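An overview of the molecular structure
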Amino acid sequence: MSDHTDGTHDTYERLISLLDSSSVDYRLIDHEPEGSTEAVCALRGHPASEAAKCIVLRVKVDRRITRHVLAVVPGDRRVDLDAVRALFDARYAGFSDAETAERLARSVPGTVLPFSFDPDLEVVADPDVVAQSKLYFNAARLDRSLLVSGADYERLAKPRIERIAAPAQV
């Protein structure tokens, strides 16, 4: 057990603890440190469609209310910001600043989990994510990934399921 207690380590431990206590079948995959979806999929040896791409968004409902959303889409797609904006009947939906994203996701960019351990971060997952029989994502670390089924992910993370993925930009 490592003796450092930065937030990333805590987030990793919390995730493993959640998986273990839920009797979920999962596999840990160690690899070279990598945060880019395409590159890490190549290291893990699977198509990008089986990866969970996780992006923290800022959604301005009105002048006073801003919500933070963790959008989870297949790795070969992008977040449809217009769909997210419509979903929350908001004036604006865009990417969160790095500092806020790290604080809410409790991990650094490239390692954001498709889970939220912060009540201020709502998880919205595209149906194509939970439909995967194999779902890969970085485990709050750049050098380790997790493999679970989309159904187990849905059962544990309890995301709101909505169509929020669009084809990747070419």
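Everything below is about the structure printed above this text.
Read on for a plain summary of the structure. Bear in mind the structure is a predicted one, so any value in this text is a computation, not a measurement. (Residues numbered from 1 in each chain as written. Predicted model: local features only at pLDDT ≥ 70, side-chain atom pairs only at ≥ 80, totals over all residues. Heavy atoms only, no water.)

With respect to the overall build of the protein
The helix and strand tally for the protein stands at six helices and 10 strands. Counting only C-alpha atoms, the protein reaches 45 × 35 × 30 Å along its principal axes. Residues counted as buried form 47% of the 170 residues belonging to the protein. Contacts spanning at least 24 positions in sequence make up 68% of the contacts within the protein whose residues lie at least 6 apart. Within the protein, the 28 negative side-chain charges are centred at a point lying 6 Å from the centre of the 22 positive side-chain charges. (Helix = DSSP H or I, 4+ residues; strand = E, 2+ residues; numbered from the N terminus. Buried < 20%, exposed > 50% of the residue type's maximum accessible area, 1.4 Å probe, protein only. Contact = heavy atoms within 4.5 Å. Lys, Arg positive; Asp, Glu negative; His and termini not counted. Charge placed at Lys NZ, Arg CZ, Asp CG, Glu CD.)

Examining helix α2 (residues 37–44)
Taken as a whole, α2 has its buried residues at Thr37, Val40, Cys41 and Arg44. The arc that holds every buried residue of α2, seen down its axis, measures 105 degrees, which confines them to one face. For α2, the exposed residues lying more than 90 degrees away from the buried face are Glu38 and Ala42. Elements in contact with the buried residues of α2: β1 (27–30), β2 (52–60), β7 (135–141) and β8 (144–148). Positive phi appears at glycine 45, one or two residues downstream of α2, with a value of about 75 degrees. (Arc of directions from axis to C-beta.)

Examining the sheet that holds β2
As summarised here, the arrangement of the five strands in space is β5-β2-β3-β6-β9, forming an open sheet in which the pairing is mixed. Looking at strand neighbours, the two that pair on one side only are β5 (92–95) and β9 (160–161), the edges of this open sheet. Here β2 pairs with β5 via four bridges, running antiparallel. Each bridged residue has a counterpart across the sheet, and for leucine 57 the counterpart in β5 is phenylalanine 95. (Pairing = 2+ DSSP bridges.)

Notes on the sheet that holds β1
Strand order in this open sheet of three strands is β1-β8-β7, and the pairing throughout is antiparallel. Lying at the two open borders of the sheet, with one neighbouring strand each, are β1 and β7. When the angles between neighbouring strand axes are averaged without regard to direction, this sheet yields 35 degrees. In terms of strand pairing, β1 meets β8 through four bridges, oriented antiparallel. Within the sheet, the bridge partner assigned to leucine 28 lies in β8 and is leucine 146. Lying over the sheet, α2 contacts β1, β7 and β8, oriented at roughly 110 degrees with respect to β7. (Axes fitted to C-alpha atoms, helices over the stretch in contact; angles between N-to-C directions.)

Honestly, that's just the spatial picture; any functional story needs more than this.
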